[in-house]
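# Fold and geometry: a report
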Amino acid sequence: STPWFPRKMVDLDTFADKVLEMGEELDSDHPGAKDASYRARRAEITMIAKTYKTGQPIPNIDYTQVEIETWAAVFDKLTGMFPTHACREHQHVFPLLIQNCGYGTHAIPQLEVVSKFLKDCTGFTLRPVMGLLTSRDFLNGLAFRVFHSTQYIRHHSSPLYTPEPDVCHELLGHVPLFANPDFADFSQEIGLASLGASDEDIERLATIYWFTVEFGICRQGDQIRAYGAGLLSSFGELEYCLSDKPEIRAFEPAKVAQQKYPITEYQPVYFVAESFKDAQMRVREFANSCDRPFSVRYNAYTESIEIL
Ligand code: H2B
Ligand code: FE
């Protein structure tokens, strides 16, 4: 039988309190685990995600000076590398985010402003989330052009490290790409394939997501550049991924889906996309090979899924 899946945008409201780990408690190896005031601050911020409902504006956060300094440290390091390491789509959008969304060293951009900007560019919107969702829930959101975004920031003790997504990762890594129409189509394609998919197919799609949206690299003329958010938000791995150390293979979804990967170390293997359009067509082909007794289409007028 087909697993339940969201049919309407409002169905995403049911994901809010289904977070995996680190929603409210932190792992013992998290840099903020022993800092009671950090944990209290997080609880305050994740409250927004816990009670958020479709269609509401995302409340702004009054970020503290310490939080802004953490952001500034990450922002400075990464923006210094973007011109030589980020793909052209990321570089095209970044100045627009500075102009329109308050990107800069002196403030952490607000999700509501960024969400409105993305909506104008590609129809993508952000939804605040308390922590990690299951792969199924997270990918299902993409079918609606909804990206679940954390709103809290990493612990100030190690600004260049985080074991989980935080606003730096979302805003500097993911957001610029979701403003690109081809990348938005590509991401939604993975989301649509995940609706009602078997657990095995969810695992395969999550692996494809990992090697593209998180750790993807792409060919750009005679160069290779990063487009994955895990790379674009990691000072160390952004340098490493374009060095001669890792292995680089062509992006073929059926093969990518089988690839094992570490989550706490740099990736030993990356897959290079020829373009987002090409990657989207390949994922669509892959999705057609998955066993699902129906196909789906997103109706943007009604914000709902049609079953074909
Ligand atoms: N949840 C959240 N909140 N952010 C993510 O980036 C994320 C997630 N990634 N759940 C998912 C899992 C990803 O690793 C794949 C789809 O499993
Ligand atoms: Fe991410």
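Residues numbered from 1 in each chain as written. Chains lettered and ligands numbered in written order. Predicted model: local features only at pLDDT ≥ 70, side-chain atom pairs only at ≥ 80, totals over all residues. Heavy atoms only, no water.

## Let's talk about the pattern of salt bridges
The cut-off we apply is this: Salt bridge criterion: a side-chain nitrogen from Lys or Arg within 4 Å of a carboxyl oxygen from Asp or Glu. Secondary structure counts use DSSP, requiring at least four H or I residues in a row for a helix and at least two E residues in a row for a strand, with both numbered from the N terminus. When accessible area is computed with a 1.4 Å probe and restricted to protein chains, residues below 20% of their type maximum are described as buried, those above 50% as exposed, and intermediate ones as partly exposed.
What the rule picks out here adds up to 20 salt bridges. One salt bridge in this structure joins Arg41 and Glu67, with 2.9 Å as the shortest N-O distance. Linking Arg41 in helix α1 (residues 36–51) with Glu67 in helix α2 (residues 65–85), this pair joins segments that are 26 residues apart in sequence. On the basis of relative accessibility, which here comes to 16%, the residue Arg41 falls in the buried class. Here the salt bridges share partners, and the residues they tie into one network are Arg145, Asp182, Asp185 and Lys277.

## Things to note about the packing of aromatic side chains
The following threshold applies: Classification of ring pairs rests on two measures: the distance between centres of Phe, Tyr or Trp rings, Trp counted by its six-membered ring, which must be within 6.5 Å, and the angle between planes, read as stacked under 30 degrees, edge-to-face over 60 and tilted in between. Note on geometry: a ring has a charge over it if NZ (lysine) or CZ (arginine) is within 6 Å of the ring centre and within 35 degrees of the ring normal.
Using the criterion set out here, one finds 22 aromatic pairs in the structure. Plain terms: the ring middles of Phe147 and Phe178 are 4.9 Å apart, the flat faces sit at 45° to each other, and that makes the pair tilted. Of the two residues, Phe147 sits in strand β2 (residues 146–149) while Phe178 sits in helix α6 (residues 167–178), which places them 31 residues apart along the sequence. Assessed through its relative accessible area of 1%, Phe178 is described here as buried. Three or more aromatic residues joined by ring pairs form one cluster here, namely Phe124, Phe138, Phe147, Phe178, Phe183, Phe186, Tyr209, Tyr227 and Phe276. Just above the ring of Tyr152 sits the side chain of Arg42; from NZ or CZ to the centre is 3.8 Å.

## Topic: the site of ligand 1
Put simply, the test is: Any residue with at least one heavy atom within 4 Å of a molecule or strand is counted as near it. We define a polar contact as two N or O atoms separated by no more than 3.5 Å, with the added condition that, inside protein, one atom must be a possible hydrogen donor and the other a possible acceptor, whereas residues neighbouring each other in sequence contribute only through side-chain atom pairs. Computed with a 1.4 Å probe, the accessible areas rest on the Shrake-Rupley method; for each residue, only the protein chains presented here act as cover. Ten residues, namely Ala, Val, Leu, Ile, Met, Phe, Trp, Tyr, Cys and Pro, are considered nonpolar, four, namely Asp, Glu, Lys and Arg, are considered charged, and the remaining ones, Gly among them, are considered polar.
Surrounding ligand 1, one finds Val129, Gly131, Leu132, Leu133, Ser135, Phe138, Leu139, Pro165, Ala206, Tyr209 and Glu214. Separating a nitrogen atom of ligand 1 from a backbone N or O atom of Leu133 is a distance of 2.8 Å. Measuring from an oxygen atom of ligand 1, one finds a side-chain N or O atom of Ser135 at 2.6 Å. Calculation on ligand 1 without its partners gives an accessible area of 390 Å², and the protein chains cover 90% of this total. Within the residue set of the shell around ligand 1, elements represented by two or more residues are α5 (135–143) and α8 (199–214). Across the shell around ligand 1, the residue classes break down as 8 nonpolar, 2 polar and 1 charged.

## Brief notes about the nonpolar core
Which entries qualify depends on this criterion: Nonpolar core, defined: a set of buried Ala, Val, Leu, Ile, Met, Phe, Trp, Tyr and Cys residues in which side-chain atoms within 4.5 Å join the residues together. By definition in these notes, contact holds between two residues if any of their heavy atoms fall within 4.5 Å.
Membership of the largest hydrophobic core comes to 95 residues, with the highest contact counts inside it found for Tyr103, Leu118, Leu171 and Ile305. Residues contacting Ile305, with those up to four places away along its chain left out, are Phe5, Pro6, Arg7, Ala143, Phe144, Leu192, Leu195, Val296, Arg297 and Tyr298.

## Some words on the confidence of the model for the protein chain
Which entries qualify depends on this criterion: Residue-level confidence of the predictor, termed pLDDT, takes values from 0 up to 100.
Considering every residue of the protein chain, the mean pLDDT works out to 96; 99% of them sit at 70 or more. Taken over the whole predicted complex, pTM reads 0.96, whereas the ipTM for its chain interfaces reads 0.97.

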